[in-house]
Amino acid sequence: MISVCLVDDQNLVRQGVRSLLDLAEDIRVVAECADGAQAVLEIPRIKPDVVLLDLRMPNMSGLEVLQALSARNELPPTIILTTFDDDQLVLQGLKAGARGYLLKDVSLEQLVEAVRTVAAGGSLVAPMVTQRLLAGVGRIQNQFTSLEQPDPLTERETEILRLLSGGYSNKEIANSLKVAEGTVKNHVSNILSKLGVRDRTRAVLKALELGIV
């Protein structure tokens, strides 16, 4: 059973998302938070498998929640809930550690699949990146703490990076390439090192910035 925490200041949004997730047999909403300050207190205590997080909230924004929990190494896999107006904020959220984003009018199938993907260690960056977001990557590229000119990736590393950008977990990549999961983990570590980033999501964003994927 995948446990989920909903963080959104709009009660109707929380009710709508909960009603969708209640239809999935393997997902259970274990907590709801109406603001960021509550989320920062509740999430480390509850330790949900996945957090669905609104970015625009009063008092403490979703971005501040991501930053606060990341700083304490207490950030579970997190999906940003957003609207078309939040392009730059979404990019900042991804940079702060979110695994991906969903539009608030998401379908049941998309929502359930997204939660399952992130809970399994995947990400939602590339499949759902709009042209406006891609343009935003260029606008914020100087904000990345990474190497100016990363070491070139091998052909296999590039292949794995493209699969990472598709949201696949290490296990799924290993099955696809018919190699051991440990081999994939080693490649991922090399990719992160060469790109000068800390995690898979930043690796995908960096790859988008450099035109690798």
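Residues numbered from 1 in each chain as written. Predicted model: local features only at pLDDT ≥ 70, side-chain atom pairs only at ≥ 80, totals over all residues. Heavy atoms only, no water.

Colleague: I would appreciate a short explanation of the environment of Leu53 in the present structure.
Modeller: Here Leu53 shows up in strand 3 (residues 50-54). On the basis of relative accessibility, which here comes to 1%, the residue Leu53 falls in the buried class. For Leu53, the contacting residues outside a window of four places in its chain are Val7, Gly62, Val65, Leu66, Thr78, Ile79, Ile80 and Leu81. (Helix = DSSP H or I, 4+ residues; strand = E, 2+ residues; numbered from the N terminus. Buried < 20%, exposed > 50% of the residue type's maximum accessible area, 1.4 Å probe, protein only. Contact = heavy atoms within 4.5 Å.)

Colleague: How should I be thinking about helix 3 (residues 62-71) in this particular structure?
Modeller: Spacing of three or four residues puts side chains on the same side of an α-helix, whose turn is 3.6 residues. Turning to helix 3, its buried residues are Gly62, Leu63, Val65, Leu66 and Leu69. The buried residues of helix 3 occupy one face: seen down the axis, they fall within an arc of 160°. Of the residues flanking the end of helix 3, it is Asn73, one or two places downstream, whose phi is positive at about 55°. (Arc of directions from axis to C-beta.)

Colleague: What is the right way to look at the side chain of Arg200 in this model?
Modeller: Its location among the elements puts Arg200 in helix 10 (residues 200-210). In this structure Arg200 is buried but unpaired, with Glu172 as the nearest side chain of opposite charge at 7.2 Å. Those residues in contact with Arg200, other than ones at most four positions away along the chain, are Gly121, Leu164, Tyr168, Ser169, Asn170, Val188 and Leu192. (Lys, Arg positive; Asp, Glu negative; His and termini not counted. Salt bridge = Lys/Arg side-chain N within 4 Å of Asp/Glu carboxyl O.)

Colleague: Whenever I open this one, the nonpolar core confuses me. Can you help?
Modeller: Grouped burial of nonpolar side chains is what soluble globular proteins tend to show. By size, the foremost hydrophobic cluster in this structure holds 43 residues, and its most contacted members are Val7 and Leu161. Two domains each provide a minimum of three residues to this core, namely domain 1 (1-127) and domain 2 (153-208). Leave out the neighbours within four places in its chain, and Val7 touches Cys33, Asp35, Ala39, Ile43, Val51, Leu52, Leu53, Asp54 and Met57. Among the nonpolar cores identified, the runner-up in size contains 21 residues, and Ala24, Leu102, Val115 and Val118 belong to it. (Core = buried A, V, L, I, M, F, W, Y, C linked by side-chain atoms within 4.5 Å. Domains from an automatic or database assignment.)

Colleague: Could you clarify how one ought to interpret the UniProt feature "modified residue: 4-aspartylphosphate" (unreviewed entry) in the protein in this entry?
Modeller: Under the present numbering, the feature "modified residue: 4-aspartylphosphate" (unreviewed entry) in UniProt falls on Asp54. Structurally, the position occupied by Asp54 is in strand 3. Taking the relative accessible area as the measure of exposure, Asp54 reaches 2% and is therefore buried. In contact with Asp54, other than residues within four places in its own chain, are Val7, Asp8, Asp9, Gly62, Leu81 and Lys104. (UniProt positions renumbered as here; feature names shortened; annotations may be inferred.)

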